[in-house]
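Examination of the molecular architecture
Chain residues, written in single-letter form:
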Amino acid sequence: MNSAARWARRIRPVFTLYVPVTPFVLFALFPLYFMLVTSFKKNAELYDVNAVPFLIGRGVTFGHYELLSKDTLFWSWFLNSLIVSLAATVISVVLGVLAAYPLARLKFPGANSFGVAIFVTYLVPPSLLFLPLSTVVARLGLSDSLWALVVTYPTFLVPFCTWLLMGYFRTVPKEIEECAMLDGCNRLQTLVRILLPVAVPGVICAALFAFTLSWNEFLYALVFVSPAELKTMTVGVFSELIRGDIYYWGGLMAGACIGSLPIVVAYVFFLDYYVSGLTAGAVK
Amino acid sequence: MQLKTLNGDVAKAVGRGDGQARALSDLLVRDTPVAYAFIAPAFFLLLFLVAYPFVLSVWLSLSDARVGETGSFVGLENFQRLLTSSIFLQTLQNSIIFTAAALGAKTVFGMALALLLFRIGRFKRLIRGAVLLPFIVPTALSTLVWWWMFEPLYSVVNWTLKSLHIVSRDIPWLPDPYLAMFTVVLVNTWRGLPFFAITILAGLVAIPRELYEAAESDGAGPVSRFWHITVPLLKPVLGVVILFSAIFTLADFNIVYVLTKGGPMNMTHLFATYSFALGLQGGQISQGAAVSLFLFPILLIVVFTQLRMVRRATTYE
């Protein structure tokens, strides 16, 4: 009787938790699994209406990856994405740290308005401003260069980084900084030598999100840069592997796999940062 | 919430010191030139690349500018023309349906998933990691696989439905206007669900356990505990998540552009994709700007409500 009750207690979560959560996990993962499977399938199997689509039945091929490497500018797109994302991330984190510090620590006229302004720009979706921004980018002479993206990505990254870091800085007690100031450090020294080393997790979190958002960006990259060799990953795979009515599905999926890989790798290593950044972004 | 409490603690610690220390620390937080110097780079970036483009966008929407031409002032003509255009009215309707359906689905399923994740002990990290994945993978790329999954001839969804003898013929997911709307809502839900689940989960964790224990000893069942404790205490978090997501769902570009380009027959056009089609592909930059400005009132409402919620939260604490 007792052991039966214990067994029931142990088996119950399987039905009340793990069985119900399975559809959610499958829903989340299936498209990504299918992306991977498709990218390794031979065309004969891919375009066979009767073949079981879930598995690779007739041998693995690397043909789609070869097509990607040889017949497209894939690695240029990869490199472009990397350059743009790294540059935009560095700019945004630096500007974010600088702006977050006074907002979190200092009293000054206009602090409130600037905080609200940061919050508002944080909520501005890129699709609201892409048309006028394309005019501004053209006037600055940056159209069709990676600079167009390096300059415009911080418009949505800086508010995010500032918001996130401001929250993080506030959790750090300020007594140590005050001591450093009394010992003759100036503000910048205090920020760089005292606060930043303590706030490393917050900075990593901001940098990870900035990089991810830049890498995933699509609209600005589509609008501001048109030469094929200057495209970023997301735009290149989408626009250069669909030619008229011909879809290179294997190649598209291979591109999508490699294009997602850097983010997925970062995600696996820094899962907790992503989780905290995600909630900090919305729940203040 | 957590951050605010910490702030309070710090303030208390400072306040406990003697008057001299307080005056000193007050002196240390007053440094206006440094504050402005630190803020300047971000300020000018946002001034030139957010505020100025916004003003420009208003000007464009009131002009007859085309790509490459400055144009002249025409008043509200663009808006008048839009409000009598059947495509724009369709876009307006699509936007409302798309946003309402996607937000509803994400809220309900996000809540369900959060409640499950909250109680799961074993494989916690693995399961959380797995369900979060759709949110961080590049949307433009993951939407490609959804496109492939709903491809008319080789759709894995149709293959499965046919193999299970649920349907006998292929379902035209993307060519059919209503099914196409369903599909874009589905993909948006797939991508946005993790954000809802994880944020609601953070809200659940913050609810004090004692409340549940007290309710349980008073004889409240799980359903009544959910409605009388979980839901009321989650309201602020739910409000923020829904408002936040409302903007970005309404302003969605990637999913619709990749899957349907607004078609079939403009039945999935949203403000962003229609503004893109008009302003860039059609060259009518003034009309395009007017379309995208329809996102602005929603943005204002959300900002206003959120700021008020944040203020209320601070005054009650």
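Residues numbered from 1 in each chain as written. Chains lettered and ligands numbered in written order. Predicted model: local features only at pLDDT ≥ 70, side-chain atom pairs only at ≥ 80, totals over all residues.

Here we look at the overall build of chain B
Secondary structure summary: chain B contains 15 helices and 0 strands in total. Buried positions account for 40% of the 317 residues belonging to chain B. The long-range fraction of contacts in chain B, counting pairs at least 24 apart against all pairs at least 6 apart in sequence, stands at 67%. (Helix = DSSP H or I, 4+ residues; strand = E, 2+ residues; numbered from the N terminus. Buried ≥ 20, exposed ≤ 12 C-beta atoms within 10 Å, placed from the backbone. Contact = placed C-beta atoms within 7 Å.)

A few points about the interface of chain B and chain A
In this complex, chain B contributes 85 residues to the contact, which on the side of chain A involves 81 residues. Among the elements that make up the side of chain B that touches chain A, the one with the highest residue count is helix H3 (residues 32-61) of chain B (17 residues). Grouping the constituent residues of the side of chain B that touches chain A by class yields 68 nonpolar, 13 polar and 4 charged. (Nonpolar A, V, L, I, M, F, W, Y, C, P; charged D, E, K, R; others polar.)

Some remarks on the domain arrangement of chain A
Residue and element names in this part refer to chain A. Domain annotation for chain A reports domain 1 (2-61) and domain 2 (68-282). For domain 1 and domain 2, the distance between their C-alpha centres works out to 34 Å. Elements represented by at least two residues in the side of domain 1 that touches domain 2 include exactly helix H1 (2-39) and helix H2 (43-46). Among the elements that take part in the side of domain 1 that touches domain 2, H1 stands out by supplying 4 residues, more than any other. Of the residues belonging to the side of domain 1 that touches domain 2, the class tally is 3 nonpolar, 3 polar and 1 charged. (Domains from an automatic or database assignment.)

Details of the domain arrangement of chain B
Often, the extent of an interface is quoted as the loss of accessible area upon association of its parts. Residues and elements named next belong to chain B. Entries for chain B in the domain assignment read domain 1 (18-61) and domain 2 (78-316). A C-alpha centroid distance of 33 Å is found between domain 1 and domain 2. On the side of domain 2, 7 residues touch domain 1, which itself brings 4 residues to the contact. Among the residues making up the side of domain 1 that touches domain 2, the classes are represented as 2 nonpolar, 2 polar and no charged.

Some words on unusual backbone geometry
Residues and elements named next belong to chain B. Here the bond from Gly-263 into Pro-264 is cis, since omega is -10°, no more than 30 degrees from zero. Unusually for a residue other than glycine, Lys-261 sits at a positive phi of about 55°. Of note, Lys-261 is situated in the loop between helix H12 (254-259) and helix H13 (271-281).

Describing the environment of Ala215(B)
Residue and element names in this part refer to chain B. Tracing the backbone shows Ala-215 in helix H10 (residues 209-217). Measuring from C-alpha to C-alpha, the distance between Ala-215 and His-228 comes to 9.2 Å, with 13 residues separating the pair along the chain. Residue contacts for Ala-215: discarding those within four places in its chain leaves Ala-220, Arg-225 and Ile-229.

Focus on helix H11 (residues 222-250) of chain B
Its 29 residues place the ends of H11(B) only 35 Å apart at the C-alpha level, less than the 42 Å of an ideal helix rising 1.5 Å per residue. By the burial criterion, the buried members of H11(B) are Thr230(B), Val237(B), Val240(B), Val241(B), Leu243(B), Phe244(B), Ser245(B), Ile247(B), Thr249(B) and Leu250(B). (Expected span 1.5 Å × (residues − 1).)

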